[in-house]
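Topology and contacts: notes
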Amino acid sequence: MSTVRLFYALWPSPPLAGSLAAWAEHARPHCGGRLMRTETLHLTLAFLGPVDAALADELIAATPERRLAPAAIELDRYGVFARQRILWAGPGDTPPALQAAHDGLWQWLAGFGLGAPQHPFRPHVTLLRNIEHPQPPAEAPAPLRWRYDRMVLVASESLTGGSRYRIVAQSRPQAD
C-alpha cells in the first residue's frame, strides 16, 4: 500500500517569505542552527502525516472546493520548541479566525476519516532547526502582518538533509 505524507498550510507570498527569512537571519547569531529554505517557509494548519494514496487523491480533488475565510495573523515574536530544537515565529495569541480555520479544517477532515491531534493548535513558522541555544532572542524584528484567503495541501518527501515540499492542491478564495 502506497502512502503520501501530507499537510495543510498557509503559504506566504514571496515578499512575506523573504521577510520571514530575514527574521531567521536575525535570530541565527543568537540561537545557531540551520536556516530553513525561504521557499519552504509555511504555517501548518493540519499535519496529516502518511495517508493512503487513494485518500491523498480524494483530498487533492476536494481541496479546491474548501473555502478559507479571509483573515490576517500578526507574527510578532520568536518562540522555541526546545525538545525539537526549533526556533519559530508566531503570534502572541492564536487569532480567533485562525483557530476557527484550524478547527473547521479538522471537522471537514473527519469526513475523510482523519482525526484531529490531541495537542492544542500553536500557529508558527519554523525558521531554524537544530538550534544550539534553547532561548529565543529577547527582541524580534518589526511584526509581520500575514493576510491569507486560501490554504494549500502539501506533499512532503523526505530527502537526505531535509524535505522537499510540493503543493498538490489549493483552496479557492471565499466568494464575496
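An unreviewed UniProt entry annotates the protein chain as RNA 2',3'-cyclic phosphodiesterase of Achromobacter pulmonis. In its Function (unreviewed entry) section, UniProt records this for the protein chain: "Hydrolyzes RNA 2',3'-cyclic phosphodiester to an RNA 2'-phosphomonoester." Per UniProt, the protein chain has the following entry under Sequence similarities (unreviewed entry): "Belongs to the 2H phosphoesterase superfamily. ThpR family."

1. Here we look at the nonpolar core
Membership of the largest hydrophobic core comes to 45 residues, with the highest contact counts inside it found for Y8, L48 and L127. If you tally residues by element for this core, the top one is helix α1 (residues 14-31), at 7 residues.

2. Regarding the UniProt feature "active site" (unreviewed entry) in the protein chain
Here, the residues flagged by UniProt with the feature "active site" (unreviewed entry) are H42 and H124. The named residues occupy 83 residues along the chain; their greatest pairwise C-alpha distance, 8.2 Å, places them in one compact cluster. You can see H42 is positioned in the loop between β2 (34-35) and β3 (43-52). Apart from residues no more than four positions distant in its own chain, H42 is found in contact with F7, A9, L10, W11, P12, H124, V125, T126, W146 and Y165. At 2.8 Å, the side chain of H42 and the backbone oxygen of T40 are in polar contact.

3. What to know about the pattern of salt bridges
Counted under the stated rule, the structure contains 5 salt bridges. Put simply, D149 and R150 hold a salt bridge, and the shortest N to O gap is 2.9 Å. Of the residues examined, R150 reaches a relative accessible area of 31% and is grouped as partly exposed. E157 is the salt-bridge partner of R164, the closest N and O atoms lying 2.5 Å from each other. Given a relative accessible area of 39%, R164 falls into the partly exposed group. The exposure class assigned to E157 is partly exposed, which follows from its relative accessible area of 36%.

4. A word on α1
Along its 18 residues, α1 runs 25 Å from first to last C-alpha, staying within 8% of the 26 Å computed at 1.5 Å per residue. Taken together, the buried positions of α1 are occupied by L16, A17, L20, A21, W23, A24, A27 and C31. Each buried residue of α1 sits inside an arc of 155° when the element is viewed along its axis, so together they form one side. In this structure, α1 carries P14, P15 and P29 as exposed residues pointing more than 90 degrees from its buried face. Summarising the contacts, the buried residues of α1 are in contact with β2, β5 (71-75), β6 (77-81), β7 (86-90), β8 (125-129) and β9 (144-148). Looking one or two residues beyond α1, the residue adopting positive phi is G32, at roughly 70°.

Quick notes on the rules
Residues numbered from 1 in each chain as written. Predicted model: local features only at pLDDT ≥ 70, side-chain atom pairs only at ≥ 80, totals over all residues. Heavy atoms only, no water. UniProt positions renumbered as here; feature names shortened; annotations may be inferred. Core = buried A, V, L, I, M, F, W, Y, C linked by side-chain atoms within 4.5 Å. Buried < 20%, exposed > 50% of the residue type's maximum accessible area, 1.4 Å probe, protein only. Helix = DSSP H or I, 4+ residues; strand = E, 2+ residues; numbered from the N terminus. Contact = heavy atoms within 4.5 Å. Polar contact = N/O pair within 3.5 Å; in protein donor to acceptor, adjacent residues only side chain to side chain. Salt bridge = Lys/Arg side-chain N within 4 Å of Asp/Glu carboxyl O. Expected span 1.5 Å × (residues − 1). Arc of directions from axis to C-beta.

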